[in-house]
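# Chain and residue survey
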Amino acid sequence: MPDILAGLKQSFAAPAAQLQSIAVRFQSEIEDGLAGNSSSLKMLRSLLGVPTGGEKGDFLSLDLGGTNARAVWIKLLGNGRYIQKQREVISLNSGRDYRSELVQAHELFSFLAELVEQLARANPGGYEGLGFTFSFPYRQLGHTRAELVQWTKEFRTAGVVGKNVGQLLQDALTSRNLPAGPELKVVINDTVGTLLTASYNDRDAHVGSILGTGHNTCYLEPHEPDSGEPMIINLESGNFGNLPITPFDAELDRESGNPGQQRLEKMVSGKYLGEIFRLAVRHLIRHGFCLGQSMPQFFDAPYSLSSEDMSTILADTSAPLAGVRAWFEQQAAVFTSTYSDRAVLKGTALMIAQRSSRLAAATYLGILRHLDPELGRHHTIAIDGSLYEKMPGYAANLAQALSEILGGKSALVTVKPVHDASQVGAAIAAAMLSAGTTQSENPGTSSI
Ligand code: GLC
């Protein structure tokens, strides 16, 4: 292997010893954050414990993620069972770009309220409430009081930071004059939705994580300091920093909308993996290790490569890498590629995807070390998101990294894929509040 490729491989490698030391640091940032000391982890209280499994009924959930907005009618049947009765999904990439700084808060929330309205008008009445999954860092000041701390995932919509998104949504719903408007019961983060969905029928679910457009994790803190009660805490782990980086990570961060922030997310999540890949491949092309030094325009345009492109490339297991050739032609307008060009492309995608899953695994170990230092009992780590679900080899690499760092104890940790977590989780949270099975809005004054 030429030196430059070997060097690249080494700079993206995250060997087990490095993961162990990341886990130790992650644990101490959790503990600093919990104690109110300075920490890169925001440790945002959710004011929610976990469901009993007895939550039932018809709920609406609204979900604003990194890529789509969805409104869904969900019937909860208890103990992990539910039916999705109907859904409205809109990609944030189609039509007006509500993520842009040119869009005002009321426009974004009126668009979201319209989605809820479409669903509620098609099926009027009968809902016990609405849960809103807002997949950004916000301070939970009440179940429906959620103040956005900052945008992430390159969102820039004007007039939302510092505002109560529960109120913005409620106002937008009210101004639509829905006949029997569903009452907003709760705002949750998508990681919280993932953990709620898993714990709807699994008492051992202690960690919920998203590996999708964004990356973040929450966990069930057995002794939330203010209340002394169990509470789910959103770590906003995407902001974990001080990691060994490559020049590509540094460049991506410099050019991003929030330099210096969300450093882990920028190395792990689907929003950014394609761009790291583009920067690495551009470097290889410039140095003559791919496509003979002539730089196709495609590789010069920021964010031209996505994590879906990486998945397409990684999925090609044919001997001549015919799928990679087709990708070069159709996506990058590169009509002549050698086998070596294609192998270099695929090998680079693999290094970047592997590093992503290994870093995520290290943070999970950090949480487990905090929860159960001797690792003496069983824990479920629930994961949702397109990277984990769809990127070839991703889930297997994550499992491999966990078994390297947990050794013989890895049998005590189950990684469980959870589907539709943002929607189902919001319905479960709304049901927990309807049934009064959860914490009051003033932690410290009531128990779960
Ligand atoms: C970003 C958001 C976080 C969310 C994650 C996954 O990291 O800051 O709140 O959970 O994306 O969607």
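Just so it is clear, the model here is predicted, and its values are computed rather than measured.

## Re the site of the ligand
Neighbouring the ligand are 15 residues; Thr 152, Lys 153, Asp 190, Glu 236 and Glu 265 lie closest to it. Lys 153 is positioned such that a nitrogen or oxygen atom in its side chain is 2.8 Å from an oxygen atom of the ligand. Within the contact set of the ligand, an oxygen atom lies 2.4 Å away from a side-chain nitrogen or oxygen of Glu 265. For the ligand, the accessible surface in isolation is 310 Å², of which the surrounding protein chains cover 99%. Counting only elements with at least two residues in the shell around the ligand, the list comes to helix 5 (190-199) and strand 10 (215-221). Here the shell around the ligand is built from residues that sort into three nonpolar, eight polar and four charged.

## A word on the sheet that holds strand 9 (residues 205-211)
One open sheet accounts for six strands, arranged 1-11-10-9-12-13; its pairing is mixed. Only two strands of the sheet have a single neighbouring strand rather than two, namely strand 1 (44-45) and strand 13 (413-417). In terms of strand pairing, strand 12 (residues 379-384) meets strand 13 through five bridges, oriented parallel. Residue pairing for strand 13: Thr 380 is matched across the bridge by Thr 414. Packed onto the sheet, helix 11 (residues 339-371) meets strand 9, strand 10, strand 12 and strand 13 and runs at close to 15 degrees relative to strand 10.

## Section: the environment of Asn 177
Its place among the elements puts Asn 177 in the loop between helix 4 (165-174) and strand 8 (184-188). In sequence terms Asn 177 and Glu 117 are 60 residues apart; their C-alpha atoms lie 9.3 Å from each other.

## Regarding the confidence of the model for the protein
Taken over all residues, the pLDDT of the protein has a mean of 93, while the share at 70 or more is 96%. Contacts from residues 443-448, a stretch scored under 50 in pLDDT, to residues over four places away or in other chains number 17 contacts.

## Section: the packing of helix 3 (residues 105-122) against helix 4
Helix 4 packs onto helix 3 with a crossing angle of 60 degrees between their chain directions and a minimal axis gap of 8 Å. Taken as axis vectors, helix 3 and helix 4 run oblique relative to one another. By crossing handedness, the relation of helix 3 to helix 4 is classed as right-handed. Seen from helix 3, the contacting residues are Ala 105, Phe 109, Ser 110, Leu 112, Ala 113 and Val 116; seen from helix 4, they are Val 165, Leu 168, Leu 169, Ala 172 and Leu 173. Split by residue class, the contact of helix 3 with helix 4 holds 10 nonpolar, one polar and no charged.

## A look at the environment of Ser 237
As for its position among the elements, Ser 237 is in the loop between strand 11 (231-234) and helix 6 (247-255). With relative accessibility at 0%, the residue Ser 237 sits in the buried group. It is 8.1 Å that separates the C-alpha atoms of Ser 237 and Gln 262, two residues lying 25 residues apart in sequence. Apart from residues no more than four positions distant in its own chain, Ser 237 is found in contact with Phe 26, Leu 41, His 215, Asn 216, Thr 217 and Leu 264.

## Observations concerning the environment of Gly 214
Checked against the element boundaries, Gly 214 lands in the loop between strand 9 and strand 10. Overall, the relative accessible area of 8% leaves Gly 214 in the buried class. Spatially, the C-alpha atoms of Gly 214 and Phe 248 are 19 Å apart, while their sequence positions differ by 34 residues. Leave out the neighbours within four places in its chain, and Gly 214 touches Lys 153, Glu 265 and Ser 269.

The rules behind these values
Residues numbered from 1 in each chain as written. Predicted model: local features only at pLDDT ≥ 70, side-chain atom pairs only at ≥ 80, totals over all residues. Heavy atoms only, no water. Near = heavy atom within 4 Å. Polar contact = N/O pair within 3.5 Å; in protein donor to acceptor, adjacent residues only side chain to side chain. Areas by Shrake-Rupley, 256 points an atom, 1.4 Å probe, with all protein chains shown as cover. Helix = DSSP H or I, 4+ residues; strand = E, 2+ residues; numbered from the N terminus. Nonpolar A, V, L, I, M, F, W, Y, C, P; charged D, E, K, R; others polar. Pairing = 2+ DSSP bridges. Contact = heavy atoms within 4.5 Å. Axes fitted to C-alpha atoms, helices over the stretch in contact; angles between N-to-C directions. pLDDT = per-residue confidence, 0-100. Parallel < 35°, antiparallel > 145°, perpendicular 65-115°, else oblique. Left-handed = near helix turned anticlockwise from the far one by under 90°. Buried < 20%, exposed > 50% of the residue type's maximum accessible area, 1.4 Å probe, protein only.

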